[in-house]
Amino acid sequence: MHCSSQNDKIPGQLHHMSSLHNCSDKKTLKRMDNNSSPVLADPAPLTKSRLGIPSNLITYPSSATPYTPAFPYNRLFPPNWKKSTPSKLDDVRASGWLNAMRASSPTHTCTHKGIDSSGFFWDGDAAYNSWKLLFPSALGSFENIAKSAKGKQVALFLDYDGTLAPIVDDPDCAFMSDMMRSVVSEVAKHFPTAIISGRCRDKVYEFVRLGELYYAGSHGMDIMGPPSDSTFSKPSQSYITSTKVQKGVLFQPAAELLPLINEVFESLVELTQGIAGVKVENNKFCVSVHYRCVNEESWDVVGQVVSNVVQGHSQLRLCHGRKVLEVRPVIKWDKGRALEFLLNSLGLTDCSDVLPIYIGDDRTDEDAFRVLREKQKGYGILVSAVPKDTCAYYSLRDPSEVMDFLQCLTKWKESDDAEQLMET
């Protein structure tokens, strides 16, 4: 497989530019402001027992630290590139659900020249190419990534929707291709691999159908490891769990809220029956209300219904993603904490010879990207065909490029293992 692009002409420069950003001091990129993350992102308090439930999983306000790029970010974008208002990317409760719904559903997603719905000239190719100077292609920069991975244990973490499978109108039809499944299976033979998704864990497993992986559903609130005979599993650690959850489950920090979440799910199903196109999905530890197929004129009705339900429960919060409103528990847990938890469960925490790689496309993945940046260990890779503010180091355009990148990882590892074998 060819694992490079035109960016190979200046790999050192691009790698340096991507390393200039530090999420701890960035101020101008709106996604990293105090209320921007849809889930809460303090460092995870992991105990020596690794799999014990932290005692301080309680309600708390968002406190993500803004950061400012060392590189002159605004010079890379054309003057006519329109940025969305920062407040529209805040938590739903802070900025209003209708603004949040509009902000998470941009009208321009094509990478071509034209006039968008607001009357602004949009040169998507120019903006995207400029953005890639900050967040270069992981394929074009693969040589740099491989050099960093040399002699280290790579641990791979993957989102599902928009990363391993395309975004589709019906969430029940977000099927993974057989080719992608084969590629993920191959890469998991060489590296411990986990799927971290906002979906219900059982639903993600139904889509992926690979028993050798770790699965973290509900944005990391429902984690389970692979069978004990898996290459990378550690039965002595992976199957130690609270007596409140079933055998084989690593961690369920919001287990006590399951009855309430089920109650909210049933209420939302009933209350949205008269809104054409709405789909309410029970993701076990969160409830997702999809409005991708709803006429935009009815978005305010959807938002009002969901907002009213959440307001009656102090233990729940309303968040938003890509044309979806989500009701989640108010606890100190997110994909970043799930990433830390899984690394700890694998015995890969505080090791200098470990390189975590996290690939995702959604706002919720930013919590994991932020963890890797703050620890200055590992790489976040954002999957996006349009410019986005992110804590990732690298980018990939779509799931097909994700598949190419995973194939590159597998071939690199096989080649590296063969070289080591010859040396011995």
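Before reading on, note that the structure itself is shown above.
Quick caveat: nothing in here was measured; it's all calculated off a predicted structure.

Thresholds applied
- Residues numbered from 1 in each chain as written.
- Predicted model: local features only at pLDDT ≥ 70, side-chain atom pairs only at ≥ 80, totals over all residues.
- Heavy atoms only, no water.
- Helix = DSSP H or I, 4+ residues; strand = E, 2+ residues; numbered from the N terminus.
- Buried < 20%, exposed > 50% of the residue type's maximum accessible area, 1.4 Å probe, protein only.
- Contact = heavy atoms within 4.5 Å.
- Areas by Shrake-Rupley, 256 points an atom, 1.4 Å probe, with all protein chains shown as cover.
- Polar contact = N/O pair within 3.5 Å; in protein donor to acceptor, adjacent residues only side chain to side chain.
- Axes fitted to C-alpha atoms, helices over the stretch in contact; angles between N-to-C directions.
- Parallel < 35°, antiparallel > 145°, perpendicular 65-115°, else oblique.
- Left-handed = near helix turned anticlockwise from the far one by under 90°.
- Nonpolar A, V, L, I, M, F, W, Y, C, P; charged D, E, K, R; others polar.
- Core = buried A, V, L, I, M, F, W, Y, C linked by side-chain atoms within 4.5 Å.
- Phe/Tyr/Trp six-rings, centres within 6.5 Å; stacked < 30°, edge-to-face > 60°.

Quick word on the overall build of the protein chain
Across its full length, the protein chain holds 13 helices and 14 strands. Looking at the protein chain as a whole, 56% of its 424 residues qualify as buried. Partitioning the intrachain contacts of the protein chain with sequence separation of at least 6 by distance along the chain shows that 70% fall at a separation of at least 24. Carbon and sulfur atoms make up 51% of the accessible area of the protein chain, which totals about 17900 Å².

Structural notes on the environment of Ser 137
Residue position: Ser 137 is located in the loop between helix H4 (124–134) and helix H5 (142–149). You can call Ser 137 buried: its relative accessible area is 5%. When the C-alpha atoms of Ser 137 and Phe 405 are compared, they prove to be 9.9 Å apart, with 268 residues separating the residues in sequence. Within the structure, Ser 137 has its side chain in polar contact with the backbone nitrogen of Gly 140 (distance 3.2 Å).

Side note on the packing of helix H9 (residues 258–271) against helix H10 (residues 299–311)
Look at H9 against H10: their axes get within 11 Å of each other, and the N-to-C directions meet at 150°. When the axis of H9 is compared with that of H10, the two are roughly antiparallel. You can see that H9 and H10 cross each other, and the crossing is right-handed. The segment H9 lies against H10, with Val 264, Leu 268 and Leu 271 engaging Val 305, Val 306 and Val 309. Of the residues belonging to the contact of H9 with H10, the class tally is 6 nonpolar, no polar and no charged.

Notes on the nonpolar core
Grouped together as the largest cluster of nonpolar side chains are 43 residues, with contacts concentrated most on Tyr 160, Leu 164, Ile 357, Ile 359, Phe 405, Leu 406 and Leu 409. Of all the elements in the fold, those that place two or more residues in this core are H5, strand S3 (153–158), helix H6 (178–188), helix H7 (201–208), strand S12 (354–360), strand S13 (379–383), strand S14 (394–396) and helix H13 (399–423). Looking at this core, the element that brings in the most residues is H13, giving 7 residues. If we ignore the near neighbours within four places in the chain, the residues touching Leu 164 are Leu 158, Asp 159, Met 176, Met 180, Val 184, Ile 195, Pro 399, Val 402 and Leu 406. Core analysis: the second largest hydrophobic core is formed by 34 residues, Ile 196, Ile 223, Ala 254 and Leu 339 among them.

Overview of helix H11 (residues 335–345)
Of all 11 residues in H11, 11 are buried, a share of seventy percent or more. Taken together, the buried positions of H11 are occupied by Lys 335, Gly 336, Arg 337, Ala 338, Leu 339, Glu 340, Phe 341, Leu 342, Leu 343, Asn 344 and Ser 345. The distance from a side-chain oxygen at the start of H11 to the backbone nitrogen of Gly 336 is 2.8 Å, and the residue carrying that oxygen is Asp 334.

Here's the deal with the side chain of Ser 197
Residue placement: Ser 197 occurs in the loop between strand S4 (193–196) and H7. Given the relative accessible area of 1%, Ser 197 is considered buried. At 2.9 Å, the side chain of Ser 197 and the backbone nitrogen of Arg 199 are in polar contact. Among all residues touching Ser 197, those that are not within four sequence positions of it are Asp 159, Tyr 160, Asp 161, Val 204, Ala 216, Gly 217, Ser 218, His 219, Gly 220 and Lys 335.

A few points about the packing of aromatic side chains
Counted according to the given criterion, the structure contains 13 aromatic pairs. Relative to Phe 369, the ring of Tyr 358 lies with its centre 5.6 Å away and its plane at 90°, an arrangement referred to as edge-to-face. Taken together, the positions of Tyr 358 in strand S12 and Phe 369 in helix H12 (residues 366–375) put the pair 11 residues apart, joining distant regions of the chain. Summarising the burial analysis for this pair, Tyr 358 and Phe 369 share the class buried. Judged by centre distance (5.3 Å) and plane angle (65°), the ring pair of Tyr 379 and Tyr 394 falls under edge-to-face. Residue Tyr 379 is found in strand S13, and its partner Tyr 394 is found in strand S14; the two are separated by 15 residues along the sequence. Of the two residues, Tyr 379 and Tyr 394, both sit in the buried class. Here a set of aromatic residues connected by ring pairs shows up, and it is made of Tyr 128, Trp 131 and Phe 135.

It is worth stressing that arrangement in space is one thing and function is another; only the former is reported here.
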